[in-house]
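Breakdown of the fold
Listed here are the chains, written in short residue letters.
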Amino acid sequence: MSTAIHRLVESCRRGDDPTVVARMRSGWAVMGQRQVLAGYCLLLPDPVVPHLNALERSQRDLFLSELGLLGDAVLTATGALRINYAIFGNVEPALHAHVHPRYTDEPEAMRKNNPWGYDWQQAPVFDAQAHGALRDLIRQRLVATL
């Protein structure tokens, strides 16, 4: 099976994906293709598996622990109020975890809503020129914890 997650992990492995934050023991930390919330990242397992429960316990523990470390890095790099985490796999049937920084200056209607309530089509597409400095700061914070 080839999903968008499989293709993204392949791009990370080739070294030609500008969204890569860092290679972690469990997989790849990347910036989201759409920066609906500045600093939005994902953790992708490598190798790709269908879902969290497909990982052996030690691999699952590592993935979830590194998900928390990525959230810590995003939190400190962005100055966000908190981090929202999500793992679904309904649209792309391969494990991937979302890390959404949440901010005090979000519109009132969105503060208690989930990030999918935003108009993702209007969100800025990741651009190394516009988002590279934040990606690098998240990387710096993340590498310091690994």
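Residues numbered from 1 in each chain as written. Predicted model: local features only at pLDDT ≥ 70, side-chain atom pairs only at ≥ 80, totals over all residues. Heavy atoms only, no water.

**Considering the sheet that holds strand β3 (residues 41-45)**
Counted only if it meets this: The rule for pairing is simple: two strands pair if DSSP sees at least two bridges between them. Runs of H or I in DSSP of at least four residues are treated as helices and runs of E of at least two as strands, each being numbered from the N terminus. To get an axis, a line is fitted to the C-alpha atoms, and for a helix only the part in contact is used. The angle between two axes follows their N-to-C directions and goes from 0 to 180 degrees.
Read across the sheet, 5 strands follow the order β1-β2-β3-β5-β4 without closing on themselves; strand pairing throughout is antiparallel. Sheet topology places β1 (20-23) and β4 (82-87) at the edges, where each strand pairs with a single neighbour. Taking the axes of each pair of neighbouring strands and ignoring which way they run, one obtains an average angle of 20 degrees across the sheet. Inspection of the sheet shows β3 paired to strand β5 (residues 97-102) by 3 bridges, in the antiparallel sense. Within the sheet, the bridge partner assigned to L42 lies in β5 and is H98.

**Description of the pattern of salt bridges**
For clarity, the threshold we go by: In the sections that follow, a salt bridge refers to a side-chain nitrogen of Lys or Arg positioned within 4 Å of a carboxyl oxygen of Asp or Glu.
A full pass over the atoms with the stated rule returns 9 salt bridges. With its nearest N and O atoms 3.7 Å apart, the salt bridge here joins R25 to E66. Taken together, the positions of R25 in the loop between β1 and β2 (27-31) and E66 in helix α2 (residues 57-78) put the pair 41 residues apart, joining distant regions of the chain. Here D136 and R139 are joined by a salt bridge, their closest N and O atoms 2.9 Å apart. Placement of the pair is D136 and R139 together in helix α3 (residues 128-143), with a separation of 3 residues, close to one helical turn.

In short, shape yes, function no, at least from these values alone.
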